[in-house]
Amino acid sequence: MNLDTGKHAIIRLFNVTKHYGGKPALQNVSMDILPGEFVFISGPSGAGKSTLLKVLYLAETVSDGQILINGMNLSRIVPARLPFLRRRFGMVFQDFKLIPTLTVFDNVALALEVAGRKPAAIKKKVMHVLRITGMEEKAHVLPPTLSGGEQQRVAVARAVVGDPEIILADEPTGSLDQVSARRVLEILLAYHKKGVTILVASHHLRQLETVVTGRSIVLEKGRLTSAVHLDPYRVRDKRGAICHDPLSE
Amino acid sequence: MIRCLNKSLADIRSNRFLNLITMVTISLSILVVSLFLLFFENLGRIMDSWGPEGRAMVYLMPEFSITMRPGLESAIQDMEGITRVTFVSKEQALARLKKEMAGSTHFLDTVKENPLPHALEIQIQTRGDFGQVEDLVEKIESLPMVESVEYGRKWLARFLHLFHLFRLTGYVMGALFLLIAFFITASTVRLVFHARRSEVEIMRLVGATDRFIKLPFYMTGLIQGGVGGILGLLILYIAYLVMGSGISQSMGDLFHADIRFLSFGAMAGLWAASTFLGWFGCYLSLKRLLR
């Protein structure tokens with residue numbers, strides 16, 4: 001199903017299929033994502049949300065179909081170029097994926113160190129994003145001593161520190177309380193406003209819908225079942241139909 | 001580079017026990033190898049100081065007559081490496097014997113006939129090579145009228161063969177110890193890598209190249225090898241200082257040579273080998289793990 005035909009799409013998927021031992025996780029998924037879009041990928045557990053993100057950052061290869069990122073065909077990426085492609089993404093995970101033996105500062109700095117940035121530039125940039133994410137005070141603390149919400153803010157800081165074109169977030173608020181989840185979403189929103197393309201996979205769609213304007217894509221059993229435009233003032237049902245629109249009142 | 005060094009030092013600190021075991025193993029291997037080297041260097045020097053003797057006696061058959069002398073003398077003289085040939089008649093030999101034995105020659109008066117053979121005393125230009133002397137002796141022995149050639153240091157040549165065999169055994173054992181150290185280093189790296197697997201995965205997710213991931217491990221291998229090598233040499237040096245003077249004294253009395261510690265070149269070679277070992281164990285492990 002090709003939902004958008006915009007030729008300037010930053011991400012294009014053509015009939016992407018992914019099997020795990022013969023069991024399909026994604027089936028013929030096609031879509032375009034435009035630069036600066038905020039896209040929610042929702043659906044029940046096992047629907048293929050995480051798999052979709054994994055094939056985008058090449059943690060998994062597709063069984064069939066093609067993915068273009070900024071016109072670059074991922075199936076033609078040689079393994080040696082993979083790290084350079086990943087530097088163009090910022091990634092946020094439900095389990096934060098922070099290195100417990102490194103301080104908050106070092107965890108965030110890692111994203112710049114791998115790119116070979118100078119220490120002085122790293123320090124300046126890392127402190128800047130820690131300020132934005134409200135983690136400046138905890139810069140020299142080890143992640144295990146932080147709360148879940150704080151750890152996720154560190155993960156978001158790491159995702160944005162390299163000024164990525166695209167942020168992929170897999171259940172970023174899944175393990176957080178409402179206040180922390182909102183805080184994380186606000187940070188992502190701030191970067192969205194700067195023009196960063198953001199893809200968020202979550203089954204807590206309602207929570208996200210109320211703060212962000214964007215597009216919602218629903219996956220079920222690996223298939224794309226619906227895609228609707230969202231804005232914070234309109235609350236939609238599971239299929240995307242507007243069931244409550246405060247603007248019309 | 002500083003990042004790598006800091007990272008590897010942090011790794012060593014966080015896996016103290018494992019890294020200590022590796023360094024101790026490397027140091028023990030280096031200690032064994034350097035001990036062999038110390039032994040062979042000194043024994044070799046003692047052997048060299050003895051050197052092959054340049055004098056040999058060619059004993060002639062009883063059938064030899066004086067008329068055959070010029071032919072035999074020139075045949076020997078023409079051989080390469082022979083600097084002088086002197087004929088020693090049986091009478092001269094008996095006179096020499098009597099002179100050398102001084103007062104203990106009464107039994108010679110009871111002998112009716114001179115039992116000593118005619119002989120040729122030859123001088124060989126040795127250039128410190130036992131093999132060359134042995135070849136020459138063999139050639140002379142094959143000449144007609146030559147009964148035997150008495151070469152004073154024949155036993156030394158045989159001993160040298162034994163020494164070379166012993167040295168070879170030492171090298172093989174040294175190599176085995178280094179191999180053990182290599183496997184232990186490789187295993188340590190594998191264990192540390194598995195302990196840091198999730199960290200490596202995260203690094204990859206944020207765009208780290210294999211080189212970026214490997215460098216701190218390589219640095220750890222180099223540190224392990226380098227420190228292990230220094231430690232092994234240090235232990236040997238301390239042992240040399242503690243026991244060396246006593247051994248040196250007795251060896252000096254026995255062989256007229258002193259015992260010296262390893263040369264700078266040998267120490268540098270051992271340290272470089274040890275450092276390389278640490279790195280190479282790491283390199284092969286990572287090659288398999290990051291495939």
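Residues numbered from 1 in each chain as written. Chains lettered and ligands numbered in written order. Predicted model: local features only at pLDDT ≥ 70, side-chain atom pairs only at ≥ 80, totals over all residues.

1. Considering the overall build of chain A
A count of helices and strands for chain A gives seven helices and twelve strands. Split into buried and exposed, the 249 residues of chain A put 43% on the buried side. Here the analysis covers contacts within chain A between residues at least 6 apart in sequence; of these, 68% occur between residues at least 24 apart. (Helix = DSSP H or I, 4+ residues; strand = E, 2+ residues; numbered from the N terminus. Buried ≥ 20, exposed ≤ 12 C-beta atoms within 10 Å, placed from the backbone. Contact = placed C-beta atoms within 7 Å.)

2. With respect to the overall build of chain B
When helices and strands are tallied, chain B shows ten helices and four strands. In sequence order, chain B lays out its α and β elements as α-α-β-α-β-α-α-β-α-β-α-α-α-α. When contacts within chain B are restricted to residue pairs at least 6 apart in sequence, those whose partners lie at least 24 apart make up 87%.

3. Structural notes on the sheet that holds strand 4 (residues 146-151) of chain B
Residues and elements named next belong to chain B. With respect to topology, four strands assemble into an open sheet ordered 2-3-1-4, the strand pairing being antiparallel. Each edge of the open sheet carries a strand with a single partner, namely strand 2 (82-88) and strand 4. Along the sheet, successive strands turn relative to each other by an average axial angle of 20 degrees, direction set aside. Note that strand 2 and strand 3 (residues 119-124) share six bridges and pair antiparallel. Pairing of Phe87 across the sheet is with Leu120, part of strand 3. Strands in contact with helix 3 (residues 69-77) are strand 2 and strand 3; relative to strand 2, the strand with the most contacts, it is inclined by about 155 degrees. (Pairing = 2+ DSSP bridges. Axes fitted to C-alpha atoms, helices over the stretch in contact; angles between N-to-C directions.)

4. What about the interface of chain A and chain B?
Between chain A and chain B, the residue contacts involve 14 residues of the former and eleven residues of the latter. Of all the secondary structure elements, the ones that give two or more residues to the side of chain A that touches chain B are helix 2 (82-86) and helix 3 (104-113) of chain A. The class makeup of the residues in the side of chain A that touches chain B is eight nonpolar, one polar and five charged. (Nonpolar A, V, L, I, M, F, W, Y, C, P; charged D, E, K, R; others polar.)

5. So, the sheet that holds strand 4 (residues 64-69) of chain A
Residues and elements named next belong to chain A. The four strands are arranged 2-1-4-5 in an open sheet whose pairing can be described as antiparallel. Only two strands of the sheet have a single neighbouring strand rather than two, namely strand 2 (23-33) and strand 5 (72-73). Looking at chain direction, strand 1 (residues 11-20) and strand 2 are connected through seven bridges and run antiparallel. In the strand pairing of strand 2, His19 is matched with Pro24.

6. Concerning unusual backbone geometry
Residue and element names in this part refer to chain A. Phi is positive for Lys97, which is not a glycine, with a value near 50 degrees. Relative to the elements of secondary structure, Lys97 occurs in the loop between strand 6 (89-93) and helix 3. Accessibility expressed as a C-beta count within 10 Å gives 19 for Lys97, which makes it partly exposed. With a phi angle near 50 degrees, Asp163 is a residue other than glycine that sits in the positive phi range. Looking at where Asp163 falls in the secondary structure, it is placed in the loop between helix 5 (148-160) and strand 7 (166-170).

7. As for helix 10 (residues 264-289) of chain B
Along its 26 residues, helix 10 of chain B runs 37 Å from first to last C-alpha, staying within 8% of the 38 Å computed at 1.5 Å per residue. Taken together, the buried positions of helix 10 of chain B are Leu270, Ser274, Thr275, Leu277, Gly278, Trp279, Gly281, Cys282, Ser285 and Leu286 of chain B. (Expected span 1.5 Å × (residues − 1).)

8. Some words on the confidence of the model for chain B
Residue and element names in this part refer to chain B. Residues with a pLDDT of 70 or more make up 86% of chain B, whose mean pLDDT is 82. No element of chain B has a lower mean pLDDT than helix 5 (residues 106-110), at 70, and none a higher one than helix 8 (residues 197-205), at 90. With pTM at 0.68, the complex prediction returns an ipTM value of 0.81. (pLDDT = per-residue confidence, 0-100.)

9. A word on the nonpolar core
One finds Val108, Ile167 and Leu168 of chain A to be the most contacted residues of the largest nonpolar core, which totals 73 residues. Sorting elements by how many residues they give to this core places helix 3 of chain A first, with seven residues. Apart from the residues lying within four places of it in its own chain, the contact partners of Ile167 of chain A are Gly90, Val92, Ala159, Val160, Leu188, Tyr191, Val196 and Ile198 of chain A. Counting 29 residues, the second largest nonpolar core, distinct from the first, contains Ala186, Phe193, Ile223 and Val227 of chain B. (Core = buried A, V, L, I, M, F, W, Y, C linked by C-beta atoms within 7 Å.)

10. Re the confidence of the model for chain A
When pLDDT drops low, the exact placement of atoms in the prediction is not to be read closely. All names here are of chain A. Per-residue pLDDT for chain A has a mean of 84; in total, 84% of the residues score no lower than 70. Throughout residues 233-238 the model reports pLDDT below 50, and contacts reaching past four residues in sequence, or to other chains, amount to 14 contacts. Contacts for the low-pLDDT stretch residues 240-249, under 50 throughout, to residues beyond four places or in other chains number 14 contacts.

11. Some words on the environment of Thr173 of chain A
Within the element layout of this structure, Thr173 of chain A appears in the loop between strand 7 and helix 6 (178-193). For the pair formed by Thr173 of chain A and Phe93 of chain A, sequence separation is 80 residues and the distance between their alpha carbons is 8.9 Å.

12. Notes on the environment of Gln178 of chain A
The topology assignment puts Gln178 of chain A in helix 6. The class for Gln178 of chain A is exposed, based on 11 C-beta atoms found within 10 Å.

13. Some points on the pairing of strand 4 of chain A
All names here are of chain A. Judged from the five bridges that link them, strand 1 and strand 4 form a sheet pairing that is antiparallel. Bridging across to strand 4, Phe14 finds its partner in Gln66. For strand 4 and strand 5, the ladder comprises two bridges, and the chain directions are antiparallel. Counted as the bridge partner of Leu68 is Asn73 from strand 5. A loop of two residues connects strand 4 with strand 5, the two strands running antiparallel in sequence, and Asn70 in this loop sits at a positive phi of about 50 degrees.

14. As for the packing of helix 3 of chain A against helix 4 (residues 119-132) of chain A
Residue and element names in this part refer to chain A. As a packed pair, helix 3 and helix 4 sit with axes 9 Å apart at the nearest point and diverge in direction by 125 degrees. Judged on the interaxial angle alone, helix 4 and helix 3 are oblique. Crossing hand, helix 3 versus helix 4: right-handed. Where helix 3 abuts helix 4, its residues Phe105, Val108, Ala109, Leu112 and Glu113 lie against Ile122, Lys125, Val126, Val129 and Leu130. Looking at side-chain class alone, the contact of helix 3 with helix 4 contains eight nonpolar, no polar and two charged residues. (Parallel < 35°, antiparallel > 145°, perpendicular 65-115°, else oblique. Left-handed = near helix turned anticlockwise from the far one by under 90°.)

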